[in-house]
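Results of the structural survey
Here's the letter readout for the chains.
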Amino acid sequence: MTRKELFKNTLRKSVHAWKLINELPLSDDESLMLRHFMDQPGFLDLHWRMFVPAIKGQGTEEQKQKWLPLANKMQIIGCYAQTELGHGSNVQGLETTATFDPQTDQFILHSPTQTSSKWWPGGLGKVSTHAVIYARLITDGKDHGVHGFIVQLRNMDDHSPLPGITIGDIGVKFGNGAYNSMDNGFLMFDKFCIPRDQMLMRLSKVTREGKYVPSDVPRQLMYGTMVSVRQTIVSNASIAMARAVCIATRYSAVRRQFGSQNGGIETQVIDYKTQQNRLFPLLASAYAFRFVGEWLKWLYTDVTQRLEASDFATLPEAHACTAGLKSMTTSATSDGIEECRKLCGGHGYLWCSGLPELFAVYVPACTYEGDNVVLQLQVARFLMKTVSQLGSGKAPAGTTAYMGRAKHLLQCRSSIRKAEDWLNPAMVLETFEARALRMAVSCANNLSKFENQEQGFSELLADLVEAAIAHCQLIVVSKFIVKLEGEIKGKGVKNQLKNLCYIYALHLIHKHLGDFLSTNSITSEQASLANHQLRSLYTQVRPNAVALVDAFDYTDHYLGSVLGRYDGNVYPKLFEEALKDPLNDTVVPDGYHEYIRPLIKQHLRSARL
Ligand SMILES: CCCCC/C=C\C/C=C\C/C=C\CC/C=C/C(=O)SCCNC(=O)CCNC(=O)[C@H](O)C(C)(C)COP(=O)(O)OP(=O)(O)OC[C@H]1O[C@@H](n2cnc3c(N)ncnc32)[C@H](O)[C@@H]1OP(=O)(O)O
Ligand SMILES: Cc1cc2nc3c(=O)[nH]c(=O)nc-3n(C[C@H](O)[C@H](O)[C@H](O)COP(=O)(O)OP(=O)(O)OC[C@H]3O[C@@H](n4cnc5c(N)ncnc54)[C@H](O)[C@@H]3O)c2cc1C
């Protein structure tokens, strides 16, 4: 399809999804799933995932009563317009202004520079009638920083942009992927006026007289929508990784290459140790991210309930966990989808394998909702603060509770003596805790050598990111272990999940061996025992690998992959797909007479001469 066709088809699908949501007796969860599944990614997704939550989180009761009924009935369609051409990561650097005019009791929205143009918001370019706009609030000449405003963008009768608004799509994005069905847009304001009551005033306010009333709660609650989406992105990572691994595992069981004895059947590529070494850690990651995503959803729900009661104690932890796990899981999943393409050899590069499309749609997850490095630096800041408070009498809690055992963890030596010890949850956990703590403390010690902490932080950015990742990997390993300690139904399921848990943990030790050795968390002999155990675990998972991906229960339609078909009937279906290609509509291609024939004939003529 052309971009316009792709876009229009997504509008059709989104409206169809909305029709089903209204007609079918769906639970809220089913309705949410349908909205996301049918429209992924599309304007409907962002209306529900960002526009509505922003109003819920930052609007007053009156504003919620006014706008949510319209949004819930989709009588208005909204987007989340925060990022600008010149600023995305640095939210406090946004340039769009909202200047209060006491004469008219209005805010004047303006884009003072080209870099202040809103740029990227999904659904902004062509579909949305409204937006939550983030702009610098100015009253009486004073800049109060970035705040949220609900703004109508288009005429509700003919969908034309309102006077003072220039709006459009930012153009084609990466690959041929489905993200080109999304109208990520640009928007400029030219002294565009909105009523005062369209500033989202649950946190901060502007009175009729133009007096700014700052928030009496942490200003970062304004970032709440991003935190909520980061939390969902972790579970999305599990889904995307599971899709890729399902395709690659099923195909690895179908594909045979080399290894035939005396003309016998060739070897399934899934039996090669290199294939297992690349594939099974990704299979384990799909399960690991699912379990940590379940826990993160609990953490986010818990912090949301606490915030309702003005309890901000766990807000820093929630921010660090959502930021760090979003960063870590999306980076791993993007790399994992590409690895799954390579695991499928040449056929993995075909569009009909489903992997190029999945990669094209998935990889922006490393950037949207926060660049992954920027988010890990937020985790690093949280860790440095926690380390600085060790010994203050304030015991670290939650995911940093292990830091409370710093005295032991800084000097303990791993007691791993044989390969089987790497199946001991306490020993595995302590290894990851020691590595994470020692990296964090090493950063803190190096920071303390700088007179200027900010300068030190800037100098040590790369080390800080690695310490943050070590902390996040500890969280994922620990939540997998906790999951195994709980009730798991199904004969033999727990044993298989145990294998996956230790494959996840031990592959990380192998991948980040430098960290573990340089922090003396393990010795090289213990590392060798870990590799030995890893190989043994691969052998145990191999007979169940296909069952473990079948367990994701993805339909062939959802997978969209000839290679990942449930029936494994790959080769005939590859031909079937190939013959559908328009190039095969004729046996002699368009262009033969204009280009190929003259070339060949010229060659023949010169050959005769
Ligand atoms: C299979 C196919 C799948 C297809 C996809 C399927 C589904 C997709 C799922 C979802 C898709 C959804 C969306 C896609 C559309 C994308 C939307 C967007 O991208 S919206 C825009 C996102 N933008 C960002 O994330 C910007 C990132 N930047 C920031 O968040 C802030 O600028 C940053 C980096 C946090 C800095 O903020 P700043 O105000 O300058 O704060 P400081 O760094 O100075 O820190 C001050 C203290 O505040 C604490 N803090 C910071 N942020 C938060 C927070 N969010 N919550 C709580 N606390 C916070 C920080 O820790 C500091 O605390 P201390 O002073 O150290 O105690
Ligand atoms: C598909 C897609 C959909 C999007 N949808 C929306 C949307 O609906 N609404 C919306 O508001 N936005 C949206 N965005 C924008 C997105 O949120 C931003 O692109 C994202 O936050 C990254 O910001 P940036 O582009 O400014 O990156 P930059 O910050 O410019 O990143 C560039 C490089 O600089 C590095 N860097 C930046 N700051 C630092 C630092 N302090 N220390 C170290 N390194 C640093 C980064 O790590 C990165 O390597 C979308 C983006 C994409 C790709």
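Quick note: structure is the one above.
Computed from a predicted model, the values in this text were never measured in an experiment.

What follows deals with the overall build of the protein chain. The helix and strand inventory of the protein chain stands at 20 helices and eleven strands. Its C-alpha radius of gyration of 27 Å places the protein chain within 12% of the 25 Å reference for a compact globule of 609 residues. Overall size of the protein chain, expressed as C-alpha extent along the three principal axes, is 90 × 80 × 60 Å. Residue burial in the protein chain is summarised as follows: out of 609 residues, 51% are buried. Here the analysis covers contacts within the protein chain between residues at least 6 apart in sequence; of these, 72% occur between residues at least 24 apart. Looking at the protein chain as shown, the accessible area adds up to about 29,100 Å², and 56% of this sits on carbon and sulfur atoms. Side chains of the protein chain give 65 positive and 59 negative charges; the mean places of these two sets differ by 3 Å.

The next subject is the environment of Leu 423. Within the secondary structure, Leu 423 is located in the loop between helix H10 (406–411) and helix H11 (425–447). Between the C-alpha atoms of Leu 423 and Ala 178, which are 245 residues apart in sequence, the distance is 42 Å. Contacts of Leu 423, omitting those with residues within four sequence positions, involve Tyr 502, Gln 533 and Leu 537.

Of all residues adjacent to ligand 1, which total 34 residues, the nearest are Ser 89, Tyr 223, Arg 230, Arg 381 and Lys 385. In this structure, an oxygen atom belonging to ligand 1 sits 2.8 Å away from a side-chain N or O atom of Arg 230. One of the backbone N or O atoms of Glu 369 is found 2.8 Å from an oxygen atom in ligand 1. Relative to its unbound accessible surface of 1,400 Å², ligand 1 loses 85% to contact with the protein. Of all the secondary-structure elements, those providing two or more residues to the shell around ligand 1 are helix H3 (43–58), helix H5 (224–254), helix H7 (315–343), helix H8 (355–362) and helix H9 (372–388). With eight residues, the top contributor of residues to the shell around ligand 1 is H5. Classifying every residue of the shell around ligand 1 gives 16 nonpolar, eleven polar and seven charged.

Only one face of strand S3 (residues 106–110) is buried, namely the one carrying Phe 107 and Leu 109, since none of Gln 106, Ile 108 and His 110 on the opposite face is buried. Relative to S3, strand S2 (residues 97–101) runs antiparallel, the two sharing five bridges. Within S3, the residue paired with Asp 101 across the bridge is Gln 106. Where S2 hands over to S3, the hairpin turn is made up of four residues, of which Asp 105 adopts a positive phi near 55 degrees.

On to empty space enclosed by the protein, then. The full count for this structure, using the stated rule, is one cavity of 30 Å³ or more. Empty space within the largest cavity amounts to approximately 60 Å³. If you go around the largest cavity, the residues you meet are Cys 412, Arg 413, Ser 414, Ser 415, Met 427, Glu 430, Thr 431, Ala 434 and Ser 521. Residue composition of the lining of the largest cavity, grouped by class: three nonpolar, four polar and two charged.

Procedures and definitions
- Residues numbered from 1 in each chain as written.
- Chains lettered and ligands numbered in written order.
- Predicted model: local features only at pLDDT ≥ 70, side-chain atom pairs only at ≥ 80, totals over all residues.
- Heavy atoms only, no water.
- Helix = DSSP H or I, 4+ residues; strand = E, 2+ residues; numbered from the N terminus.
- Rg over C-alpha atoms; globule rule 2.2 N^0.38 Å.
- Buried < 20%, exposed > 50% of the residue type's maximum accessible area, 1.4 Å probe, protein only.
- Contact = heavy atoms within 4.5 Å.
- Areas by Shrake-Rupley, 256 points an atom, 1.4 Å probe, with all protein chains shown as cover.
- Lys, Arg positive; Asp, Glu negative; His and termini not counted.
- Charge placed at Lys NZ, Arg CZ, Asp CG, Glu CD.
- Near = heavy atom within 4 Å.
- Polar contact = N/O pair within 3.5 Å; in protein donor to acceptor, adjacent residues only side chain to side chain.
- Nonpolar A, V, L, I, M, F, W, Y, C, P; charged D, E, K, R; others polar.
- Pairing = 2+ DSSP bridges.
- 1 Å grid on protein atoms, 1.4 Å probe; cavity = no way out; pocket = protein on both sides within 12 Å on 5 of 7 lines; lining within 4 Å.
- Points joined across faces, edges and corners; volume = space filled by probe spheres on them.

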